[in-house]
2 protein chains.
Amino acid sequence: MDYYSKTTTKLIAELGHLPGIGQKSAQRLAFHILHMPEEQVRELSSAILDARTSARFCRECCTLTDEDICPICASDKRDHKTIMVVEDTRDLVAYEKTGQYNGVYHVLQGAINPMQGINPTDIRLKELMIRLQGDVDEVILATNSTLEGEATAMYISKLLKDTGIRVTRIASGVPVGGDLEYVDEVTLLKALENRTEL
Amino acid sequence: MDYYSKTTTKLIAELGHLPGIGQKSAQRLAFHILHMPEEQVRELSSAILDARTSARFCRECCTLTDEDICPICASDKRDHKTIMVVEDTRDLVAYEKTGQYNGVYHVLQGAINPMQGINPTDIRLKELMIRLQGDVDEVILATNSTLEGEATAMYISKLLKDTGIRVTRIASGVPVGGDLEYVDEVTLLKALENRTEL
């Protein structure tokens, strides 16, 4: 038996499909929405649909955008000869927030993960290779420091071996402000291995 | 500067207004939505709006429903002379799930909370008093076991003092299966106070 009205039951089910939202949270959110002013609910409902329907991948870097070409790729203030390769748009945003990177990006929209059936052809690697036929000085591999991210970085660096393009990988190590006590062993060893002269 | 496209920024902002969803979660949810099949996103978007636009309060018990009168109030299998008073529709559902309660409900849509400016006139008390002019044997006060819930129960029990209607309050005590060690002092004292003969 459904304890809630049909439309509420449907709403709880739809919210419950979202990642990290369990049955209880879905109920809580649904009731919050039912008590919100209708105008606000319209805003939320159309924001969801608008974002999705206008979402496309940038023709250059494959980031999620709502334009044919994203603002970063379209900008002539950026250094288009330096391409930072990231897994997804959120990673791009993380680097943009530093305000210090002036190159452009390439968003793979994933990482190689054979266990989950994600092969090199399933991510935006072909698009990267096409871009690299242009005038590129450096490719910075900024995939995540996970098994998949490392494998993807390794794979790309091998692909680019004889192209003459400089290929770099962002450093792994102890997070700034991090207490050694709370840092995992692999990171500690990585930080030791990548130590620099002072 | 906005790091995301306009529609994505708007979506993140809208999701971030929901309770328990911070900036990071909103970003994560937004990107999940951007990667969902468009058909699913349409379902989610319209589930939100449909639930809200069809939401109304039951003419009898004031629960949230999408009909003029909710299925429980409309049922002739329920005992309409016993009314359980709860704070909101989720509390009603909690008791419905037990499958053992056969009376009807009255949903106050809140609890008295003078600190937050919620006075007796701000909850569905007037509607309860009107119902009680009919043929009612018992009012079970099942507001939450919080300061506000207790105050509301107390307030209602005083209102009904001389009506001849039986007024009861659900028991407070140690949760079934609860380990005494983890139960708070107030609950322990309440459980002692309300002990029953064996």
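Residues numbered from 1 in each chain as written. Chains lettered and ligands numbered in written order. Predicted model: local features only at pLDDT ≥ 70, side-chain atom pairs only at ≥ 80, totals over all residues. Heavy atoms only, no water.

A. Expanded view of the state of the cysteines. All names here are of chain B. Enumeration over the complete set of coordinates arrives at 0 disulfides over all chains. Counting only cysteine sulfurs, C73 is the nearest neighbor of C61, a cysteine outside any disulfide, at a range of 3.7 Å. Accessibility expressed as a relative area gives 1% for C61, which makes it buried. Counting only cysteine sulfurs, C73 is the nearest neighbor of C70, a cysteine outside any disulfide, at a range of 3.7 Å. Note on C70: relative accessible area 4%, which makes it buried. (Disulfide = S-S within 2.5 Å. Buried < 20%, exposed > 50% of the residue type's maximum accessible area, 1.4 Å probe, protein only.)

B. Representation of the pairing of strand β4 (residues 103–107) of chain B within the structure. All names here are of chain B. Counted residue by residue, β4 has 5 buried out of 5 residues, so it is predominantly covered. The pairing of strand β3 (residues 79–86) with β4 spans 5 bridges and is parallel. Among the inter-strand pairings, D79 is bridged to a residue of β4, identified as G103. In terms of handedness, the path from β3 via helix α5 (residues 89–98) over to β4 forms a crossover that is right-handed. (Helix = DSSP H or I, 4+ residues; strand = E, 2+ residues; numbered from the N terminus. Pairing = 2+ DSSP bridges. Right-handed = clockwise from strand over helix to strand, strands pointing away.)

C. Focus on the pattern of salt bridges. In this structure the tally under the stated criterion is 22 salt bridges over all chains. Across the salt bridge formed by D88 of chain A and R90 of chain A, the nearest N and O atoms sit 3.2 Å from each other. Judged by relative accessible area, R90 of chain A falls into the partly exposed class, the value being 29%. One salt-bridge network, in which partners are shared between bridges, spans K10 and E14 of chain A together with E43 of chain B. (Salt bridge = Lys/Arg side-chain N within 4 Å of Asp/Glu carboxyl O.)

D. Broad picture of the nonpolar core. L15 and I33 of chain A together with L15 and I33 of chain B are the most contacted members of the largest nonpolar core, which has 102 residues in total. When near neighbours in sequence (up to four residues on either side) are disregarded, I33 of chain B contacts L18, I48 and R52 of chain A together with L11, L15, V41 and L44 of chain B. (Core = buried A, V, L, I, M, F, W, Y, C linked by side-chain atoms within 4.5 Å. Contact = heavy atoms within 4.5 Å.)

E. Expanded view of empty space enclosed by the protein. By the definition in use, this model includes 2 cavities of 30 Å³ or more. Roughly 70 Å³ of internal volume is contained in the largest cavity. Taken together, 13 residues make up the lining of the largest cavity; nearest its centre are L15, L18 and I48 of chain A together with L15 and L18 of chain B. Broken down by class, the residue content of the lining of the largest cavity amounts to 13 nonpolar, no polar and no charged. What the second largest cavity holds in volume is close to 50 Å³. (1 Å grid on protein atoms, 1.4 Å probe; cavity = no way out; pocket = protein on both sides within 12 Å on 5 of 7 lines; lining within 4 Å. Points joined across faces, edges and corners; volume = space filled by probe spheres on them. Nonpolar A, V, L, I, M, F, W, Y, C, P; charged D, E, K, R; others polar.)

F. Region of interest: the layout of surface pockets. Residues and elements named next belong to chain B. Roughly 420 Å³ of volume is contained in the largest pocket. The wall of the largest pocket is formed by 16 residues, among which Y95, N144, S145, I170 and A171 lie closest to the centre. Here the lining of the largest pocket gets 3 residues from one element, more than from any other, and that element is α5. Residues of the lining of the largest pocket, tallied by class, amount to 8 nonpolar, 6 polar and 2 charged.

In short, geometric facts, not functional conclusions.
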